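# Fold and contact review
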Amino acid sequence: MPLRIEDTFRSALAEADRPLAGMWVCSGSPLIAELCAGAGLDWLLVDAEHSPNGLESILAQLQAIHGYPVHAMVRPPVNDTVVIKQYLDLGVQNLLIPMVNSVAEAEAAVAATCYPPEGVRGVGSALARAARWNRVPDYLARANDTISVTVQIESTAAVDAVEDILAVEGVDAVFMGPSDLAASMGLLGQQEHPEVRAAVKHCLSAAKAAGKPAGVNAFNPDTAQHYLANGAAFILVGADVALLARGSEALAATYIPQAGSDSRASY
């Protein structure tokens, strides 16, 4: 059955007795989003940073996912007050904010999700799906309780500041992106490098010390198990587009003679 408005990703993490497993939804297709929503995973990440998703397609995917007991998180393309306002008004409840490198950027992300005086979110509840067009009782007073904010740690600057970022009130969790982290370390395409793994492990330890959940992106099953063993509370282990790409390639490899093979540097 559909989740209630109070059932945020924050509450799911707090109540979970095991790490939560999810996947990326990057195709921009409501049909694919619904297909993934019924797979039995704990959460889906609808991406708008590297995927062809605008407001209309995000709305359609939220509607497609809504009928299933799975948490939908959305990553905007940028940590921007206006963009975040639009996403919240669409009904996005769980945000993954990319490229948060400092306390100031974390504070700005949180402020964008809160109505004044706590934050700077514009008030348009009568016009917005988030409040079901003012059909949600006391939405303005309750809104902050219906939103969770996860910030993405994906640079050396963010790793250096992770303890302070975790201390920002309103940051509910952190999520490590090893691909961009590797690039910032001069190790482009080497997200499995020992130095990258060590940086991720450092952030996992910092989150445990701060009493906040931390997650990580890990498509490699061995890497995923490594991070889970080191305290990851949630994880992304695949993507709709990657599954389709690798699956269709496997069909081609089975039935069509192959001239050679390619190696891929990332996910």
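The sections below set out a description of the structure shown in this document. (Residues numbered from 1 in each chain as written. Predicted model: local features only at pLDDT ≥ 70, side-chain atom pairs only at ≥ 80, totals over all residues. Heavy atoms only, no water.)

### Side note on the sheet that holds strand 8 (residues 234-239)
Read around the barrel, 8 strands follow the order 1-2-3-4-5-6-7-8 and close on themselves; strand pairing throughout is parallel. If you compare each strand with its neighbour and ignore which way they point, the axes differ by 25 degrees on average. Pairing of strand 6 (residues 173-176) with strand 7 (residues 214-217) involves 3 bridges; the strand directions are parallel. In the sheet register, Met176 faces strand 7, and the bridge partner there is Val216. (Pairing = 2+ DSSP bridges. Helix = DSSP H or I, 4+ residues; strand = E, 2+ residues; numbered from the N terminus. Axes fitted to C-alpha atoms, helices over the stretch in contact; angles between N-to-C directions.)

### Quick look at the side chain of Ser125
Here Ser125 shows up in the loop between helix 5 (103-112) and helix 6 (139-142). The exposure class of Ser125 is buried, given its relative accessible area of 6%. Not counting the four nearest positions on each side in its chain, Ser125 is found in contact with Tyr115, Ala131, Trp133, Asn134, Tyr139 and Leu140. (Buried < 20%, exposed > 50% of the residue type's maximum accessible area, 1.4 Å probe, protein only. Contact = heavy atoms within 4.5 Å.)

### Examining the nonpolar core
Ile153, Val174 and Met176 are the most contacted members of the largest nonpolar core, which has 59 residues in total. Broken down by element, the residue count for this core peaks at 7 residues, all from helix 10 (residues 194-210). Every residue in contact with Val174, bar those within four places of it in the chain, is listed here: Thr150, Val151, Ile153, Leu166, Ala207, Pro213, Ala214, Gly215 and Phe234. In terms of nonpolar packing, the next biggest core, distinct from the first, is built from 17 residues, Leu45, Leu96, Phe175 and Phe234 among them. (Core = buried A, V, L, I, M, F, W, Y, C linked by side-chain atoms within 4.5 Å.)

### Focus: helix 4 (residues 81-90)
Taken residue by residue, helix 4 has Val83, Ile84, Tyr87, Leu88, Asp89 and Leu90 as its buried positions. Where helix 4 is buried, its residues meet helix 3 (55-65), strand 3 (71-75), strand 4 (94-97) and helix 5. You can read the cap of helix 4 off the contacts: a side-chain oxygen lies 3.0 Å from the backbone nitrogen of Val82, and it is on Asp80. Backbone geometry just after helix 4 places Gly91 at a positive phi near 110 degrees. (Polar contact = N/O pair within 3.5 Å; in protein donor to acceptor, adjacent residues only side chain to side chain.)

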